[in-house]
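# Structural features, examined
Here is how the chains run, residue by residue.
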Amino acid sequence: MVSNKCKASSKMEQRILVMAFLVINLLIISLPSFAQKGSKALQITGEAIIPSAQKSIGFGLSLKGSYGINKYGEVTLSAGVSKFKMKDLDGAGETKVRFIPFLIGYRQKIQKFYIEPKAGIGELGGRIILLSGGDYSRPSVTAAFGGVEAGVSIKRFSTGFNFLAAHGISNSSAGIWHDKNLHYVSASLGYTLFKKSAK
C-alpha cells in the first residue's frame with residue numbers, strides 16, 4: 001500500500017516537473033524576440049468541471065494576465081478558485097475539493113487556436129464529510145499544480161478545455177492531504193476585459 005502510494009506520488013511529481021520544463025523551454029525559445037514588446041491583456045475565465053472521477057459537476061473562476069513576447073507567444077500569470085465534489089474518497093461519504101492555484105504559463109497561438117502549458121503553486125483544500133455521524137474535517141495543504149489548456153480564440157472570447165492536477169507537498173503535520181493527488185478536466189469560456197496592442 002505504501003509502495004503504491006509512493007509510486008503514484010513520484011509519477012505526479014514527474015508530470016509537474018515535465019510541465020514546468022516545457023514552460024521554461026518555450027520561454028527560452030521566445031526570448032530572442034522579446035524586444036518586440038507584445039500586447040498586454042487581462043482575461044476573466046469561467047469553467048465547468050466535467051463529471052468523471054468527480055461524480056458531479058463543479059465550477060471555477062480565474063483571472064489571467066498575459067504579455068506577448070512575440071507575434072504568436074504570450075507569457076501568462078493566472079490565479080483562481082475551483083470547487084467540485086467527489087464521492088468515496090478516503091472512505092468519506094462526500095468530499096468537497098477546492099483548488100486555489102497561482103500559475104505561470106506560456107500560450108502558443110496557432111492561427112485562432114492556442115495551447116497553454118502551465119505550472120505553479122497554491123492551496124489544495126476542501127471539506128470531508130465522514131460516514132459516521134455527519135462529522136467532517138477541513139483539510140488544507142500547500143500543493144504543486146500543473147496542467148495544460150487548449151482551445152480557440154475569436155476576438156475577445158476564447159473557449160476550450162483545461163486539465164489541472166494538484167499534488168500536496170506539505171509535510172504530514174499539515175493534514176491528511178499532505179501527499180494527495182487530485183485532478184480535473186473542464187470546459188472553459190473566457191472574455192478579455194482589457195487588451196493593449198503592441199506598438
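Keep in mind the model is a prediction, meaning the values are calculated, not measured. (Residues numbered from 1 in each chain as written. Predicted model: local features only at pLDDT ≥ 70, side-chain atom pairs only at ≥ 80, totals over all residues. Heavy atoms only, no water.)

## A short note on the confidence of the model for the chain
Predicted coordinates in areas of low pLDDT are best not read in detail. For the chain, per-residue confidence averages 80 on the pLDDT scale, and 72% of positions sit at 70 or higher. Across residues 1-9, where pLDDT falls below 50, the model places 5 contacts with residues more than four positions away in sequence or in other chains. Confidence over residues 30-36 falls short of pLDDT 50; this stretch has 10 contacts with residues more than four positions distant or in other chains. (pLDDT = per-residue confidence, 0-100. Contact = heavy atoms within 4.5 Å.)

## Quick word on the nonpolar core
Of all hydrophobic cores here, the largest spans 16 residues; its most connected members are Phe-84, Val-97, Phe-99, Leu-124 and Phe-145. Mapped onto this core, the elements with two or more residues apiece are β3 (73-86), β4 (94-110), β5 (113-129), β7 (140-154), β8 (157-168) and β9 (181-196). (Core = buried A, V, L, I, M, F, W, Y, C linked by side-chain atoms within 4.5 Å. Buried < 20%, exposed > 50% of the residue type's maximum accessible area, 1.4 Å probe, protein only. Helix = DSSP H or I, 4+ residues; strand = E, 2+ residues; numbered from the N terminus.)

## With respect to the side chain of Ser-66
Along the polypeptide, Ser-66 turns up in strand β2 (residues 58-68). Setting aside its immediate chain neighbours within four residues, Ser-66 contacts Ser-39, Lys-40, Ala-41, Glu-74, Val-75 and Thr-76.

## Let's talk about the pattern of salt bridges
Under the counting rule described, the total for this entry stands at 7 salt bridges. A salt bridge links Glu-116 to Arg-107; the shortest N-O distance between them is 3.1 Å. Residues Glu-116 and Arg-107 agree in their burial class; the two are buried. Between Lys-118 and Glu-149 there is a salt bridge, with its nearest N and O atoms 3.1 Å apart. One end of the pair, Lys-118, is in strand β5; the other, Glu-149, is in strand β7, with 31 residues separating them in the sequence. The exposure classification of Lys-118 matches that of Glu-149, with both residues buried. Salt bridges here are not isolated pairs; linked through shared partners, they connect Lys-64, Arg-107, Glu-116, Lys-118 and Glu-149. (Salt bridge = Lys/Arg side-chain N within 4 Å of Asp/Glu carboxyl O.)

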